[in-house]
Amino acid sequence: MAVKPLVAGNWKMNGTKASVAEFVAIADGVSPALADAVEVAVCPPATLVAALATLGRLPVGGQDCHADASGAHTGDVAAEQLKDAGATYVIVGHSERRADHGETDAVVAAKARAARRAGLVAIVCVGETRAEREAGRTLDVVGTQLAGSLPDGVEPTNTVVAYEPVWAIGTGLTPTVADVAEVHAFVRARLVERFGAAGAGVRILYGGSVKPSNARELMAVPEVNGALVGGASLKAADFLGIVAAYA
Ligand SMILES: O=C[C@H](O)COP(=O)(O)O
């Protein structure tokens, strides 16, 4: 099934009001022809979601959401609040959330359900640690995370999966093309097995040290339907250099 790729920037805990100019520079760099070929989105910190979304230039996403729609959860953001701020996407289950906040697969699935309830598309992250890869457990780990983190009823319109090997995030290291191909083929097979035809259309992004210099090679891997980009999404020139893999 032909799917339109997605390149999403995850600004993580970076950015202030001054970063709006960088977002505008990214949007300015996405020509109509490029926009036909690839969807480009930015997930800024929660403080900037409304400011960027209000511009109406590119889809915007949150980086996390609470499973509840409202209530006594100091410091958390509901999917409904992100939607209200103009978000289209929300990342859930990023390995930094899993590590820093002890998020389990069940918690991630509850957040993905919350995203759907609010009308957001959940970008559900999975990926193995270095120790797990070295122990030959990559597919086991990714399979378990997928089974536990994806709620029932996944459709291409409500869910994106991001495969992000933890050891590749922010390190400059990437898996070989063959390793990326193996994991993405595995993820696709699991999606189709569980969700049937819908699973064939769900976009599977690769994330972890994607740069302008390696984007073309990584984006050409079968079943890689785009990228989730951290550090290189903070500068418009770098991010657009990655998006250009689809030009
Ligand atoms: O969500 C994005 C990933 O964690 C990748 O980060 P990175 O591109 O800085 O390696």
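Residues numbered from 1 in each chain as written. Predicted model: local features only at pLDDT ≥ 70, side-chain atom pairs only at ≥ 80, totals over all residues.

For the protein chain, the name recorded in an unreviewed UniProt entry is Triosephosphate isomerase, with Oharaeibacter diazotrophicus as its organism. Entered under Subunit (unreviewed entry) in the UniProt record, the comment concerning the protein chain runs "Homodimer." Reading the Subcellular location (unreviewed entry) entry of the UniProt record for the protein chain gives the comment "Cytoplasm". (UniProt positions renumbered as here; feature names shortened; annotations may be inferred.)

The next point concerns the packing of helix 6 (residues 105-118) against helix 8 (residues 138-149). Viewed as axis vectors pointing N to C, helix 6 and helix 8 meet at an angle of 45°, and their least axial separation amounts to 7 Å. Viewed along their axes, helix 6 and helix 8 adopt a mutual orientation that is oblique. Two packed elements cross with a definite hand, and for helix 6 against helix 8 that hand is right-handed. Here Asp 105, Ala 106, Val 108, Ala 109 and Ala 112 of helix 6 come into contact with helix 8, specifically with Gln 145, Gly 148 and Ser 149. When its residues are assigned to classes, the contact of helix 6 with helix 8 shows 4 nonpolar, 3 polar and 1 charged. (Axes fitted to C-alpha atoms, helices over the stretch in contact; angles between N-to-C directions. Helix = DSSP H or I, 4+ residues; strand = E, 2+ residues; numbered from the N terminus. Parallel < 35°, antiparallel > 145°, perpendicular 65-115°, else oblique. Left-handed = near helix turned anticlockwise from the far one by under 90°. Contact = placed C-beta atoms within 7 Å. Nonpolar A, V, L, I, M, F, W, Y, C, P; charged D, E, K, R; others polar.)

On to the pairing of strand 6 (residues 159-163). When you tally the buried positions in strand 6, you get 5 out of 5 residues, the bulk of the element. Every second residue of strand 6 is oriented toward a common face, with Thr 159, Val 161 and Tyr 163 on one face and Val 160 and Ala 162 on the other, all of them buried. Of the strand pairs in this sheet, strand 5 (residues 121-126) and strand 6 are connected by 5 bridges, and their pairing is parallel. Across the sheet, residue Cys 125 finds its bridge partner in strand 6, namely Ala 162. Direction of pairing for strand 6 relative to strand 7 (residues 204-207): parallel, over a ladder of 3 bridges. By the bridge assignment, Val 161 is partnered in strand 7 with Ile 204. (Buried ≥ 20, exposed ≤ 12 C-beta atoms within 10 Å, placed from the backbone. Pairing = 2+ DSSP bridges.)

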